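# Chains, contacts and geometry: an overview
Given next are the chains, with one letter for each unit.
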Amino acid sequence: EPEVTQTPSHQVTQMGQEVILRCVPISNHLYFYWYRQILGQKVEFLVSFYNNEISEKSEIFDDQFSVERPDGSNFTLKIRSTKLEDSAMYFCASITGEAADTQYFGPGTRLTVL
Amino acid sequence: AQRVTQPEKLLSVFKGAPVELKCNYSYSGSPELFWYVQYSRQRLQLLLRHISRESIKGFTADLNKGETSFHLKKPFAQEEDSAMYYCALCRYGNNRLAFGKGNQVVVIP
């Protein structure tokens, strides 16, 4: 069964550095999402992406964040200048967009900002 | 704004005992409600959704619009049910999910 994949599984970075988290959605899916989960807190929506543009973003998704689908398969989340509070699990998800379909989640990337 | 509340953090039950995980939501429109499960070292996966009205792995959940609840139930817990369970909501026609904090379920043999 096809799955959403994410790389790396764990990323450690210094505060102020840029990080890029990568996701490969399921191939026939059209909508893509990033969520994050700070340790001990809820899974929170960051951004949704459709037709090569952001369709919705939360208040968390400020100017430090950007998303891109550079080559038709990868879907990336970039954090321009990481802060300590960006430490979290980041989940990618995708969906076909057809009625009654559900989101399929990747395994997550654990980001640790030191 | 959409909000999902799961009151208990950790639930320990004996094998064979009933399990009920509470989920309440606040949303003024037409919500779609889901339960997601995350087994140890695995990804979040859909357990069930209210529009399907299915029973998955013995679990059921009924949407009660009057009480704004979508509690998850299973009459007889199994050891393999030990996992994190998340209640989630989205607006009808919009797939952005709002999650509750999750319940850690531990089934004691």
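Bear in mind the structure is a predicted one, so any value in this text is a computation, not a measurement. (Residues numbered from 1 in each chain as written. Chains lettered and ligands numbered in written order. Predicted model: local features only at pLDDT ≥ 70, side-chain atom pairs only at ≥ 80, totals over all residues. Heavy atoms only, no water.)

### Brief notes about the sheet that holds strand E8 (residues 72-74) of chain B
Residue and element names in this part refer to chain B.
- Across the sheet, which stays open at both edges, the three strands sit in the order E3-E8-E7 with antiparallel pairing between neighbours. Whereas interior strands pair on both sides, the edge strands pair on one side only; in this sheet they are strand E3 (19-21) and strand E7 (60-61).
- Pairing geometry for E3 and E8, over three bridges, is antiparallel. What sits directly across from valine 19, in E8, is lysine 74. (Pairing = 2+ DSSP bridges. Helix = DSSP H or I, 4+ residues; strand = E, 2+ residues; numbered from the N terminus.)

### Things to note about the side chain of threonine 82 of chain A
Residues and elements named next belong to chain A.
- Its location among the elements puts threonine 82 in the loop between strand E8 (75-79) and strand E9 (88-95).
- Polar side-chain contacts of threonine 82 include one of 2.9 Å to the backbone oxygen of glutamine 17.
- When neighbours within four sequence positions are excluded, threonine 82 is seen to be in contact with Thr13, Gln14, Met15, Gly16, Gln17, Val19 and Val113. (Polar contact = N/O pair within 3.5 Å; in protein donor to acceptor, adjacent residues only side chain to side chain. Contact = heavy atoms within 4.5 Å.)

### Points about the interface of chain A and chain B
- Counting residues at the interface gives 21 residues for chain A, matched by 20 residues for chain B.
- Together, the buried faces of chain A and chain B total about 1800 Å²; carbon and sulfur atoms form 49% of this surface.
- Inspection of the region where chain A meets chain B yields two salt bridges.
- Between glutamate 56 of chain A and arginine 96 of chain B there is a salt bridge, with the nearest N and O atoms lying 3.0 Å from each other.
- Run the count over chain A and chain B and you get nine residue pairs in polar contact (both at pLDDT 80 or more).
- Secondary structure elements with two or more residues in the side of chain A that touches chain B: strand E4 (31-37), strand E5 (43-50), strand E6 (53-57) and E9 of chain A. (Buried area = accessible area lost by both parts, 1.4 Å probe. Salt bridge = Lys/Arg side-chain N within 4 Å of Asp/Glu carboxyl O.)

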